[in-house]
Each structure stands twice: as C-alpha cells, then as structure tokens.
Amino acid sequence: MKTLIVIDMQNDFITDALGTKEAQAIVANVKNKINAYNEAGNRIIYTRDTHGEDYLDTPEGKKLPVVHCVKGTKGWEIADGLYVPGCEIIDKPSFGWTGWDKMEFDEIEIVGLCTDICVVSNALILKATFPDAKISVDASCCAGVTPESHAAALTTMKMCQIDVIE
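Our subject in this report is the structure included herewith. Since the structure is predicted, the reported quantities are computational estimates derived from the model, not experimental observations.

## Some words on the nonpolar core
Okay, step 1: Ile-5, Trp-100, Phe-105, Ile-110, Leu-126, Val-137 and Met-157 are the most contacted members of the largest nonpolar core, which totals 25 residues.
Okay, step 2: Among the secondary structure elements, those contributing two or more residues to this core are β1 (2-7), β4 (107-113), α4 (115-129), β5 (134-143) and α5 (147-159).
Okay, step 3: The element best represented in this core is α4, accounting for five residues.
Okay, step 4: If you look at the next biggest cluster of nonpolar residues, it comprises 24 residues, including Ala-23, Ile-44, Trp-76 and Ala-143.

## Notes on helix α2 (residues 21-39)
Okay, step 1: Taking 1.5 Å as the rise per residue, α2 with 19 residues should run 27 Å; its terminal C-alpha atoms sit 28 Å apart, in good agreement.
Okay, step 2: Those residues of α2 that sit buried are Ala-23, Ile-26, Val-30, Lys-33, Ile-34 and Tyr-37.
Okay, step 3: Contacts made by the buried residues of α2 are with β1, α1 (11-14), β2 (43-49), β4 and β5.
Okay, step 4: Gly-41 lies just past α2 and shows a positive phi near 75 degrees.

## Section: unusual backbone geometry
Okay, step 1: With an omega of -20 degrees, the peptide bond between Leu-113 and Cys-114 qualifies as cis.
Okay, step 2: Tracing the backbone through its elements, the reader meets Cys-114 in the loop between β4 and α4.
Okay, step 3: Within the chain, Asp-8 stands out as a residue other than glycine whose phi angle is a positive 50 degrees.
Okay, step 4: You can see Asp-8 is positioned in the loop between β1 and α1.
Okay, step 5: Take Asp-8: its relative accessible area is 0%, and that puts it in the buried class.
Okay, step 6: Positioned with a positive phi, Gln-161 is a non-glycine residue whose angle comes to about 65 degrees.

Cut-off values and rules
Residues numbered from 1 in each chain as written. Predicted model: local features only at pLDDT ≥ 70, side-chain atom pairs only at ≥ 80, totals over all residues. Heavy atoms only, no water. Core = buried A, V, L, I, M, F, W, Y, C linked by side-chain atoms within 4.5 Å. Buried < 20%, exposed > 50% of the residue type's maximum accessible area, 1.4 Å probe, protein only. Helix = DSSP H or I, 4+ residues; strand = E, 2+ residues; numbered from the N terminus. Expected span 1.5 Å × (residues − 1). Contact = heavy atoms within 4.5 Å.

These values are about where atoms sit, not about what they do.
As structure tokens, then:
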C-alpha cells in the first residue's frame, strides 16, 4: 500500500510564526497530492511539530527562539483544507519522529515543511528503518527555510537513495 506522509503542514510554518512565501506557495500542490491519495484509497499520515508552553527553555528553543507549534494553539493546527478526517496524526516533539519502526510501509511519499529540517530528518529515519521500502519526496510539495537550504536538503536525500520528484 502507498502511504503519503504529510510533514508539519501547520499554520505556524505557513502563515504564522515561521511562515514563508515559499511555504505558502506549496499549499495548493500539497492539497492536490492529499486529495489524489485520498481518492485512490491510500494511507495518509500527518505529523505535527508539537511543543509546550516551555518551548523557549528547551534545547531547541534556545537555538531557535521563536515560539511556534504550541499544542492546542491555532499555529499548531494543520492548515485549513489539508486534513482528511480519519487519517492518522503523529504529534512529534522533535525534528524527526523515532516511532516509525512501529508501523509498516511498502511505498512512502513525503511532502511538507520544512524540507531542510523536518522533511529531511524524517526521510532519513524512514530510509534507515525501512531500507527496502520505496521512499520518495515531491520537491514541488516541500519548502525549506530558504530556497538554498531546500535545494541542499533535496541533494542530501538524493545522495541517501531517496527518490526526489522534481
């Protein structure tokens, strides 16, 4: 079965605390991809970057002192129109989720934000955990912190035998 993993398509990464024009530009592509997977009856998993009120006191918060994705806030929510009711949601407290090994996958496609942080982290964890699974990332459905770091992350994933759809 094909699985689409939608990484951190949350308000804070699109229009709010850490939003960028590049993130806003991929929303329609991501929505189309989600709709295609849903119509085909494929599995869709969403991740949400999830922090507490004490974010600035955490190791991540000390290096990125911008409060974002605090559980229960509007910024933490998946952007309007992207969530398909009944699909799985993973609240992850760090860049990459380490619980993928408790799931089963044949073919994985990854989309979302940010290419150079959470997308690449999860893609590499998935590749290491499921070395025989077909794993791809759709570059048109991802955006990085900057266009340059987005491109660098795509290159890194290609080097690690993750298929990048350009």
